[in-house]
Structures are given as structure tokens and as C-alpha cells.
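Listed below, chain by chain, are the residues.
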Amino acid sequence: MSKRTAVCVPEQEIEEQREIMRKIANLNEGKVRRYSIHTFGCQLNENDSEKLGGMLAGMGYEETDDFDKSDIIIFNTCCVRENAEQKVFGHLGRLKMLKDQKGDNLVLAVCGCMMQQQEIVDYIMNTYRHVDIIFGTHNLHKFPEMLYKKLINNEKVFDVIDTDGYIAEGLPIQRKDSVKAWVTIMYGCNNFCSYCIVPYVRGRERSRSVNEIVNEVKMLAQQDYKEITLLGQNVNSYGKDLPDMTTFPMLLEKLNGIDGIKRIRFMTSHPKDLSDELIRVMRECDKIAPHLHLPIQSGSTRILQSMNRKYTKEQYLELVDKLRANIPGIALTTDIIVGFPDESEEDFEETLDVVNRVRFDSAYTFLFSRRAGTPAAKSDKQVPDEVKKARFDRLLELQNRISREINETYLNRTCEILVEGISKTNPHMLTGRTGTNKIVNFEGPSNLKGNLIKVKIIDAKTWHLVGKLLK
Ligand code: SAH
Ligand code: SF4
Ligand code: F3S
């Protein structure tokens with residue numbers, strides 16, 4: 001296969017968008033204009049929404065989470081599982097009334113992964129005629145132009161393209177957090193796991209240049225960000241398409257040298273591509289957090305094969321041993337799909353066996369969802385819903401017990417945590433995370449936000465720890 005290198009959207013095209021942003025900002029001058037973005041799906045989608053937020057801020061819009069007060073509502077969609085899609089349809093249906101009331105004073109836009117499927121776009125155009133703008137994942141940078149057409153010419157804009165070779169740099173960004181930042185390092189996926197829709201809606205793998213990433217992280221450090229999370233569907237294949245052949249571990253070493261950044265995280269790592277070099281770099285670079293999200297998907301080698309995951313149960317377990325031998329105390333988290341076509345009770349027990357042996361710190365568990373267009377959706381050996389659900393509950397019970405037991409081992413230990421701010425669940429407490437990604441709530445002065453501090457763990461729950469600030 002010939003090597004494809006991603007091409008940056010020409011600076012001139014980005015400048016055209018900036019020009020349109022200035023025009024809309026002029027139109028909005030002196031008026032209060034608001035937007036809300038509702039994001040479904042993974043961190044890559046969240047990061048895309050931050051870019052949309054940046055463009056909207058540049059056009060004079062303020063953020064709100066109140067639909068009634070919004071002049072623009074955007075749904076950034078996900079299609080990885082059916083329930084993510086259903087939620088979007090539910091929201092679109094409910095917004096009909098608001099749109100009827102507000103008419104042209106409300107712009108309703110839908111974008112993201114669902115829109116890269118023609119049949120979904122057709123369905124939305126026919127069923128939810130109150131939608132004004134539809135665009136996909138490959139032309140997000142053209143949002144100002146689409147909005148302008150709607151605002152000035154009152155046109156509906158449906159613009160989805162299949163071309164996936166481009167990367168848009170230099171877009172403004174409005175980040176959700178002021179301590180931690182997401183940095184997308186690559187787009188797309190080449191792996192075609194047989195259940196997964198992502199490669200079809202996000203296109204082939206393409207890596208941002210090392211310079212662009214380093215500059216973004218330096219900028220984040222200047223803005224006082226302390227933690228970065230590098231994002232990609234499989235960060236281990238970062239750089240394979242770059243002319244200079246920079247690898248992911250090489251990128252990590254560069255980023256580790258940037259002053260001001262205190263912690264580096266990344267996700268996701270495909271087990272088949274996790275190199276010894278990455279393990280070495282994780283061990284040696286002081287800022288890389290001792291945590292790895294390493295989706296296993298299933299513990300049965302037979303099912304893994306039919307998932308096209310390209311590793312066996314034994315290879316995964318060996319990898320875990322190697323990680324633990326080289327990076328003592330490393331936390332491991334995973335993703336598991338329950339009820340993949342033809343999964344037998346024995347296959348499922350293999351999954352339970354791996355969970356028992358590895359003892360993951362936590363696991364995202366999913367019921368297999370049929371995604372049209374993927375090989376697994378066509379299988380005539382679908383597992384009945386009630387069997388899936390019963391297995392799911394057994395897995396969840398086991399994993400919750402293990403998560404709690406691991407959290408209990410933290411009791412009375414002193415941990416270093418990065419303080420993220422006020423706890424969302426308890427406004428009287430601050431919250432932070434250990435390097436191993438455990439949430440720790442504790443009482444303390446709010447000016448600790450953004451600092452690495454020491455706490456003693458005094459209570460352990462399934463999903464979080466409680467700490468006491470050490471003076
Ligand atoms: N690129 C990442 C994650 C992709 S999507 C990786 O390879 O791990 C996040 C998770 O959603 C996957 O790890 C998988 O567990 C789950 N998932 C993907 N497609 C699914 C489907 N059709 N049904 C159920 N879960 C699915
Ligand atoms: Fe989907 Fe597999 Fe790619 Fe992850 S690696 S995005 S699960 S196809
Ligand atoms: Fe969903 Fe798209 Fe992410 S399908 S999981 S939002 S890449």
C-alpha cells in the first residue's frame with residue numbers, strides 16, 4: 001500500500017474562514033448572542049466541540065447550557081453504539097417546538113460522526129426538517145462559512161464530504177477546562193475491528209506534524225495548563241504516515257521536555273501496537289502518568305480473532321506482565337464488549353478470567369451494538385439481548401468489586417494529586433487525580449487548583465477516593 005501523508009488545509013482557506021468569522025462578529029457586535037453545544041461520544045469529539053466553541057467565540061457568541069437562551073444549538077454526534085444515536089434523535093424531536101417558536105432566530109446544526117453516514121443524513125433531512133445545518137467530521141473547519149450562508153442567505157446547508165486526507169491547523173479553540181487539556185495528535189483509524197464504525201466515519205489514520213503538536217503544548221504551558229492528554233484512536237501508530245517517521249515514543253519524549261506541563265496522559269493504545277520502546281519511555285519520562293488504557297474487548301482468543309483485534313488472550317496477558325514488571329504500580333483500565341456475535345458462555349468466561357487475572361483498575365463495559373456496514377453486524381449468530389444483559393451484569397459486578405478492592409489498597413497511603421478544582425459531586429470539596437487516574441476528593445482552599453499536592457487517603461469508594469490534605 002502506498003504511504004499517504006496528511007495534507008494540511010491551506011492557510012489561505014483557514015484565513016478565509018477567519019475573515020468570515022470577523023464578518024459575523026461585526027454583525028453580532030453590541031448584541032448578546034449565545035450558543036450551546038451538546039457533545040456525544042469520545043474525547044476526540046469533545047476536542048472537536050472545543051474547536052467549534054473557539055470559532056463561535058471568535059464570532060461573538062457566548063456559551064450557555066440553556067437551549068431556550070441559545071441562538072445556535074449544535075449537536076456533535078457519535079455513532080459508535082446505537083444508544084448514542086437514539087439520544088440525538090430524541091433531542092432533535094424535542095427541539096421542534098422551540099424551533100417553531102423561534103424560527104430563524106435559532107440555528108440548529110448537527111455534525112460529527114453520525115453525519116458521515118449518508119442514510120442518517122437522509123433520515124434527518126426527511127424527518128427533522130427543522131435542522132438548518134448538517135456537516136461531517138472532515139469539514140468542521142468550514143463551520144463559519146456554513147453559518148454565514150444560513151444567517152445571511154437564509155439557506156439550509158447540508159455539507160458532508162468523504163475526503164479524509166486533510167488536517168486543519170490554526171483553528172481557534174475554547175477549552176472546557178483550565179488545568180487539563182486535550183490534544184488530538186492523529187485522526188482516523190486503519191484497524192477495522194469488525195464491530196466498529198469509527199474507521200468508516202473518521203477515515204484513515206493521519207498524524208499531525210510534531211511541530212504543530214509541540215507548539216500547541218508549549219502554548220498550553222504558557223496558558224498555565226498542567227496536564228495534557230494526547231488523543232487518537234490508536235496513538236501507538238502515530239507518525240507512521242509522517243515523512244520523518246517520528247514514532248509515538250519519540251513524540252512523548254519531546255513533550256516531556258516542555259516546562260510547565262506536569263503530567264502527560266494519552267489514549268487509546270491498541271495492544272497489538274504497544275512497543276517496548278513505549279514502555280521504556282513511559283518508565284523513564286517523569287511526566288508520563290503511570291496509567292494505561294488498554295482495551296481488551298474480549299478475553300476469548302476465538303472472539304478476538306473474529307473481532308479482527310490481532311492479539312490472543314495470552315499475548316494480552318504477557319503484555320500486562322511486561323508492563324507491570326517495567327512500570328511498578330501502573331494502573332490499567334480497559335474496554336470490554338459483551339455479547340459479540342457467536343460469543344458462547346465459555347467465551348464469556350474467558351473474559352471473566354482475564355478480568356480476574358489482570359485486575360483492571362476500572363473497565364468501560366459495553367453491550368455489543370450492531371453497526372450497519374460493519375462485518376459483525378451481518379453475522380447471523382447474534383447473541384439474544386437477555387443473554388447479553390445477564391453477562392453484562394455479571395461482568396459489571398465482578399469489575400466493581402475489583403475496582404473497590406484496588407481503591408481500598410490506597411487507604412492510609414500518601415498520594416500526589418493534581419488539583420482540578422471544585423468537585424462536581426460535592427461543591428464543598430476539591431477534586432484531583434493521582435497519577436494512576438484515581439479521583440480524590442478532599443477539603444482544602446480553592447487556590448490549590450492547578451497544583452500538585454500531597455494528600456493522605458482516608459476513605460475508598462468504588463469510583464473515587466477521599467483524601468486529607470497534608471500540610
Ligand atoms: N479506538 C479505541 C476506542 C474506540 S471506541 C480502541 O480501539 O480502543 C470506544 C469503545 O467502544 C471501544 O473500545 C469498544 O469497546 C466500544 N465499541 C466500539 N464499537 C462497538 C459496538 N459496535 N458495540 C459495542 N461497543 C463498541
Ligand atoms: Fe474502532 Fe478498532 Fe479503530 Fe478502535 S482500533 S477505533 S475499536 S476500529
Ligand atoms: Fe463516537 Fe466518533 Fe468518537 S463514532 S466514539 S464520537 S470517533
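Since the model is a prediction, treat every value here as computed from it, not as a measurement.

Rules used in this analysis
Residues numbered from 1 in each chain as written. Chains lettered and ligands numbered in written order. Predicted model: local features only at pLDDT ≥ 70, side-chain atom pairs only at ≥ 80, totals over all residues. Heavy atoms only, no water. Helix = DSSP H or I, 4+ residues; strand = E, 2+ residues; numbered from the N terminus. Rg over C-alpha atoms; globule rule 2.2 N^0.38 Å. Buried < 20%, exposed > 50% of the residue type's maximum accessible area, 1.4 Å probe, protein only. Contact = heavy atoms within 4.5 Å. Areas by Shrake-Rupley, 256 points an atom, 1.4 Å probe, with all protein chains shown as cover. Lys, Arg positive; Asp, Glu negative; His and termini not counted. Charge placed at Lys NZ, Arg CZ, Asp CG, Glu CD. 1 Å grid on protein atoms, 1.4 Å probe; cavity = no way out; pocket = protein on both sides within 12 Å on 5 of 7 lines; lining within 4 Å. Points joined across faces, edges and corners; volume = space filled by probe spheres on them. Nonpolar A, V, L, I, M, F, W, Y, C, P; charged D, E, K, R; others polar. Patch = residues over 30% accessible without salt bridge, like charges linked within 9 Å, V, L, I, M, F, W, Y side chains within 5 Å. Salt bridge = Lys/Arg side-chain N within 4 Å of Asp/Glu carboxyl O. Axes fitted to C-alpha atoms, helices over the stretch in contact; angles between N-to-C directions. Parallel < 35°, antiparallel > 145°, perpendicular 65-115°, else oblique. Left-handed = near helix turned anticlockwise from the far one by under 90°. Near = heavy atom within 4 Å.

S.K.: So what about the overall build of the protein? Which residues, and what values?
M.R.: Along the protein, the regular secondary structure elements total 14 helices and 21 strands. Its C-alpha atoms give the protein a radius of gyration of 23 Å, within 12% of the compact-globule value 23 Å for 471 residues. Projecting the C-alpha coordinates of the protein onto the three principal axes gives extents of approximately 60 × 60 × 45 Å. Counting across all 471 residues of the protein, residues that qualify as buried make up 54%. Partitioning the contacts of the protein with sequence separation of at least 6, the portion at a separation of at least 24 is 75%. Total accessible area on the protein is roughly 21300 Å²; 49% of this is exposed by carbon and sulfur atoms. Of the side chains in the protein, 67 bear a positive and 67 a negative charge, and the two mean positions are spaced by 3 Å.

S.K.: Explain empty space enclosed by the protein residue by residue, including any values.
M.R.: Applying the stated rule across the entire model yields three cavities of 30 Å³ or more. Of the voids in this model, the largest cavity is the one considered here, and its volume is about 210 Å³. Lining the largest cavity we find 15 residues, and of these Thr 137, His 138, Tyr 166, Ala 168 and Tyr 187 sit closest to its centre. Those elements that place two or more of their residues in the lining of the largest cavity are helix 2 (43-58) and strand 8 (166-167). Across the lining of the largest cavity, the residue classes tally to seven nonpolar, four polar and four charged.

S.K.: Account for a nonpolar patch on the surface, with residues named and values stated.
M.R.: On the surface, Leu 27, Leu 151 and Ile 152 cluster together into a nonpolar patch covering about 230 Å² of accessible area. Looking at the secondary structure, you find Ile 152 in helix 5 (residues 143-153). Residue Ile 152 is classed as partly exposed on the basis of its relative accessible area, which comes to 41%.

S.K.: Report on the pattern of salt bridges, specifying residues and quantitative values.
M.R.: Side-chain pairs of opposite charge can arise where the charged atoms are in close proximity. Inspection of every chain in the model, using the stated rule, returns 42 salt bridges. One salt bridge connects Glu 216 with Arg 208, and the closest N-O pair in it is separated by 2.7 Å. Both residues of the pair, Glu 216 and Arg 208, belong to the buried class. Two residues, Asp 361 and Lys 438, come together in a salt bridge whose shortest N-O distance is 2.8 Å. You can see Asp 361 sitting in the loop between helix 12 (345-358) and strand 16 (362-367) and its partner Lys 438 sitting in the loop between strand 18 (430-434) and strand 19 (439-442), a full 77 residues away along the chain. For Asp 361, a relative accessible area of 9% translates into the label buried. On the basis of relative accessibility, which here comes to 8%, the residue Lys 438 falls in the buried class. Taken together, the shared-partner salt bridges in this structure form one network comprising Glu 11, Glu 15, Arg 18, Glu 19 and Arg 22.

S.K.: Lay out the packing of helix 3 (residues 82-102) against helix 4 (residues 118-127) with the relevant residues and their values.
M.R.: In contact at an axis separation of 12 Å, helix 3 and helix 4 are set at 20° when each is read in the N-to-C sense. If you check the angle between helix 3 and helix 4, you find them roughly parallel. As for the relative orientation of helix 3 and helix 4, their crossing is right-handed in sense. When helix 3 is examined against helix 4, the residues Glu 85, Phe 89 and Leu 92 are found in contact with a partner set consisting of Ile 120, Tyr 123 and Ile 124. Its residues assigned to classes, the contact of helix 3 with helix 4 shows five nonpolar, no polar and one charged.

S.K.: Describe in detail the site of ligand 2, supporting the description with residues and values.
M.R.: If you check the shell around ligand 2, you find Cys 189, Asn 191, Phe 192, Cys 193, Tyr 195, Cys 196, Val 198, Pro 199, Gln 233, His 270 and Arg 309 and nothing else. Looking at the shell around ligand 2, its residues break down into seven nonpolar, three polar and one charged.

S.K.: Tell me about unusual backbone geometry, and please be specific about residues and values.
M.R.: With an omega dihedral of 10°, the bond running from Met 267 to Thr 268 counts as a cis peptide bond. Inspection of the secondary structure puts Thr 268 in the loop between strand 13 (263-267) and helix 9 (276-284). Positive phi is not limited to glycine here, since Asn 412 has a value of about 70°. Here Asn 412 shows up in the loop between helix 14 (385-408) and strand 17 (414-422). With a relative accessible area of 58%, Asn 412 lands in the exposed category. A positive phi is found at Asn 437, a non-glycine position, where the angle reads about 75°. Relative to the elements of secondary structure, Asn 437 occurs in the loop between strand 18 and strand 19. Note on Asn 437: relative accessible area 25%, which makes it partly exposed.

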